[in-house]
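# Structural description and commentary
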Amino acid sequence: MFIELDRNSRIPIKKQLYDAITTRILKGELVAGERLPSTRELADRLGIARNTVIEIYEQLAAEAYLEAHHGKGTFVSAGYDRTAVNDVIPAVEKAASAKRRDRGDLIDFESGVPDLKAFPAKAWIRAVKDSFEAAGDARLGYGSAMGYMPLRESLSKYLARYKGIHCSPEQIVIVNGTADAMILCAMLFRKTSGELLIESAVVSFVPDIFRTFGYKLIP
């Protein structure tokens, strides 16, 4: 696995290493089941601290790019559908090209509007099916209104390790999407602050939510 790091770049070495590995996985240059160099071997080859490689390997494993097998090594995850990813890339490019032709070479930068035709539906269905088969009765029933505790515990560890944000699982709330998060924030802060600064580039429903709760919106 060839990786070249630019020590003159403003991009941190950790970020360069992370990007290099994920890019090769997404492009199919590293295929499912392929063994990666050991952390010591890769660190020696790149001339960086072994702890740096260990941290990136652990992050990629947490994000399901890699799988670590004790005594055997670290491998590209077999659960990541790279075929679907490779199918999506040309489909997205084709859809974007068609849209530019229809709109006179204009590019639509509107957020929150995915190309559903390019969505890897089969891979998604397989993942949902596997999740349901592995879930017990307790997980499929009503849980905490704050969200699934093992997920909150995992997020707490992830935030501390990779973002420097230290919070307990009890301080994390899982919501269904941006709208739910905005509604929750609007409810929490309306008693202490009746004003909200709004950027000109904003998802359209966000001002509507805060306006509904009586906030004064300041552009």
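Our structure is the block above this text.
Residues numbered from 1 in each chain as written. Predicted model: local features only at pLDDT ≥ 70, side-chain atom pairs only at ≥ 80, totals over all residues. Heavy atoms only, no water.

### A few points about the overall build of the protein chain
Inclusion rule: For the purposes of this entry, the term helix denotes a DSSP run of H or I that reaches at least four residues, the term strand denotes a run of E that reaches at least two, and both are numbered from the N terminus. In this scheme, a residue with accessible area under 20% of its type's maximum is buried, one over 50% is exposed, and one in between is partly exposed, where area comes from a 1.4 Å probe on protein chains only. What makes two residues a contact is simply this: any of their non-hydrogen atoms within 4.5 Å.
Within the protein chain, the regular secondary structure consists of 9 helices and 4 strands. Along the chain direction, N to C, the helices and strands of the protein chain fall in the order α-α-α-β-β-α-α-α-α-α-β-α-β. Among the 219 residues that make up the protein chain, the fraction classed as buried is 22%. In the protein chain, the proportion of contacts linking residues at least 24 apart, taken out of those at least 6 apart, comes to 48%.

### Here's the deal with the pairing of strand 2 (residues 73-76)
Where we set the bar: Strand pairing requires that DSSP identify at least two bridges connecting the strands.
Two strands pair when backbone bridges link them, and strand 1 (residues 66-69) and strand 2 are joined in this way by 4 bridges, in the antiparallel orientation. Counterpart to Leu-66 in the pairing with strand 2 is Val-76. The hairpin formed by strand 1 and strand 2 contains 3 residues between the paired strands, and Gly-71 there has a positive phi angle of roughly 85°.

### Details of the pattern of salt bridges
Here is the rule: Salt bridge, as used here, is a side-chain nitrogen of Lys or Arg placed within 4 Å of a carboxyl oxygen of Asp or Glu.
Applying the stated criterion across every chain yields a total of 6 salt bridges. Across the pair Glu-41 and Arg-45 runs a salt bridge whose closest N-O atoms are separated by 2.8 Å. Remark: Arg-45 and Glu-41 occur in helix 2 (residues 39-46); sequence separation between them is 4 residues, near one turn of the helix. Since its relative accessible area comes to 38%, Glu-41 is described here as partly exposed. The closest approach of N and O atoms between Arg-211 and Asp-208, which form a salt bridge, is 2.8 Å. Placement of both Arg-211 and Asp-208 in helix 9 (residues 205-212) is noted, with a separation of 3 residues, approximately one turn of the helix. Assessed through its relative accessible area of 40%, Asp-208 is described here as partly exposed.

### Details of the layout of surface pockets
For clarity, the cut-off: Points on a 1 Å grid over protein atoms alone make up a cavity when a 1.4 Å probe fits among them but cannot get out, and a pocket when they form an open set with protein on both sides within 12 Å along at least five of seven lines; lining residues each have an atom within 4 Å of a point. Grid points are joined across faces, edges and corners, and a volume is the space filled by probe spheres set on the points.
In this model, the largest pocket occupies a volume close to 490 Å³. Lining the largest pocket are 17 residues, with Ala-135, Arg-139, Leu-140, Tyr-148 and Leu-151 positioned closest to its centre. Secondary-structure elements contributing two or more residues to the lining of the largest pocket are helix 5 (121-134) and helix 6 (137-140). For the lining of the largest pocket, the element with the highest residue contribution is helix 5, accounting for 5 residues.

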